[in-house]
Amino acid sequence: MALFLLLLPLLAAATGTEYRIDPVNSEAMFHVRVFWVDNVSGEFTHVDGDVEQGPGSGDWVVNATIPVASVAMPSTRMRRWLLAKAFFDVRHHPTIHFVSNPFAQAQLDHGGTLTGYLTLRGITAPIQFAVEPVHCGGFTVTPCRIILRGALQRSTYGMTSDRLAVSDSVDLNLSITLRPQTR
């Protein structure tokens with residue numbers, strides 16, 4: 001879904017470095033209200049993708065994929081329910097995909113907004129994430145952890161079942177670790 005950032009544009013251009021999302025150390029957590037009182041949480045334990053130079057000078061673009069089957073829930077029954085046709089429909093839509101609009105390094109150093117398009121259940125819609133400020137000084141050597149927060153409406157992506165029991169709004173929190181990759 002999203003994700004990522006804080007790259008050193010000048011150094012990257014000079015060294016031919018791009019950035020990979022570390023799938024083992026990155027996750028996407030979600031929270032949804034059930035029966036108007038309780039929150040149910042889950043997470044996708046695998047997030048993969050790249051952060052590459054965008055079309056403009058100093059621009060970056062995130063391209064990330066989450067395998068739906070990587071979802072972890074408090075119970076096996078809840079996990080099966082989410083993977084079924086009424087929700088994620090993993091059989092027909094095995095991945096969630098996010099591509100950001102180009103963004104500048106300056107937007108990230110002080111926090112900001114990452115916008116782009118999320119594809120879920122074969123439906124693509126705009127989405128935005130708030131980016132917590134982080135300064136990755138030695139980013140070319142050390143991994144960098146980026147925190148993103150956002151929300152989506154289930155109905156936008158065709159998940160309209162159980163509307164009386166499950167809120168339409170889903171909160172997303174992403175913890176993304178970027179690692180440099182030299183071309």
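Residues numbered from 1 in each chain as written. Predicted model: local features only at pLDDT ≥ 70, side-chain atom pairs only at ≥ 80, totals over all residues. Heavy atoms only, no water.

## Re the packing of aromatic side chains
Between two aromatic rings, the relevant description is the distance of the centres plus the angle of the planes.
So, point 1. Applying the stated criterion to the full structure yields five aromatic pairs.
So, point 2. Taking the centre distance of 5.9 Å and the plane angle of 70° together, the rings of Tyr19 and Trp60 count as edge-to-face. Placement of Tyr19 in strand 1 (residues 17–21) and of Trp60 in strand 5 (residues 59–67) is noted, with a sequence separation of 41 residues between them.
So, point 3. On the basis of relative accessible area, Trp60 is assigned to the buried category, the value being 1%.
So, point 4. For the pair Trp81 and Phe87, a centre-to-centre distance of 4.7 Å together with 65° between the ring planes defines the contact as edge-to-face.
So, point 5. An aromatic cluster of at least three residues, connected via ring pairs, comprises Phe30, Phe44 and Phe88. (Phe/Tyr/Trp six-rings, centres within 6.5 Å; stacked < 30°, edge-to-face > 60°. Helix = DSSP H or I, 4+ residues; strand = E, 2+ residues; numbered from the N terminus. Buried < 20%, exposed > 50% of the residue type's maximum accessible area, 1.4 Å probe, protein only.)

## Overview of the layout of surface pockets
So, point 1. Here the largest pocket defines a volume of roughly 420 Å³.
So, point 2. Around the largest pocket sit 28 residues that line it, and Phe30, Val32, Leu82, Phe88 and Val170 are the ones nearest its centre.
So, point 3. Those elements that place two or more of their residues in the lining of the largest pocket are strand 2 (27–34), strand 3 (38–44), helix 2 (76–83), strand 9 (112–120) and strand 12 (166–182).
So, point 4. Here the lining of the largest pocket gets five residues from one element, more than from any other, and that element is strand 2.
So, point 5. Of the residues belonging to the lining of the largest pocket, the class tally is 26 nonpolar, no polar and two charged. (1 Å grid on protein atoms, 1.4 Å probe; cavity = no way out; pocket = protein on both sides within 12 Å on 5 of 7 lines; lining within 4 Å. Points joined across faces, edges and corners; volume = space filled by probe spheres on them. Nonpolar A, V, L, I, M, F, W, Y, C, P; charged D, E, K, R; others polar.)

## Some remarks on the pattern of salt bridges
So, point 1. Applying the stated criterion to the full structure yields four salt bridges.
So, point 2. Between Asp48 and Arg20 there is a salt bridge, with its nearest N and O atoms 2.6 Å apart. Of the two residues, Asp48 is situated in strand 4 (residues 48–53) and Arg20 in strand 1; the sequence distance between them amounts to 28 residues.
So, point 3. For Arg20, a relative accessible area of 26% gives the class partly exposed.
So, point 4. Here Arg149 and Glu132 are joined by a salt bridge, their closest N and O atoms 2.9 Å apart. Placement of Arg149 in strand 11 (residues 144–153) and of Glu132 in the loop between strand 10 (123–131) and strand 11 is noted, with a sequence separation of 17 residues between them.
So, point 5. For Glu132, a relative accessible area of 33% gives the class partly exposed.
So, point 6. Among the charged side chains, a salt-bridge network with shared partners connects Arg20, Asp48 and Asp50. (Salt bridge = Lys/Arg side-chain N within 4 Å of Asp/Glu carboxyl O.)

## Overview of the confidence of the model for the chain
So, point 1. Overall, the predicted model of the chain reaches an average pLDDT of 81, with 84% of residues at or above 70.
So, point 2. For the chain, the element scoring lowest by mean pLDDT is helix 1 (residues 9–15), at 38; strand 7 (residues 95–100) scores highest, at 95. (pLDDT = per-residue confidence, 0-100.)

## A short note on the side chain of Ser70
So, point 1. Looking at the element boundaries, Ser70 is found in the loop between strand 5 and strand 6 (71–72).
So, point 2. In this structure Ser70 comes out as buried when scored by relative accessible area, which is 13%.
So, point 3. Discounting residues that sit within four places of it in the chain, Ser70 has contacts with Glu43, Phe44, Thr45 and His46. (Contact = heavy atoms within 4.5 Å.)

## Topic: the side chain of Asp22
So, point 1. Following the sequence through the fold, Asp22 ends up in the loop between strand 1 and strand 2.
So, point 2. On the basis of relative accessibility, which here comes to 10%, the residue Asp22 falls in the buried class.
So, point 3. A distance of 3.0 Å separates a polar side-chain atom of Asp22 from the backbone nitrogen of Val24.
So, point 4. Those residues in contact with Asp22 that lie beyond four places of it in its chain are Val47, Thr177 and Arg179. (Polar contact = N/O pair within 3.5 Å; in protein donor to acceptor, adjacent residues only side chain to side chain.)

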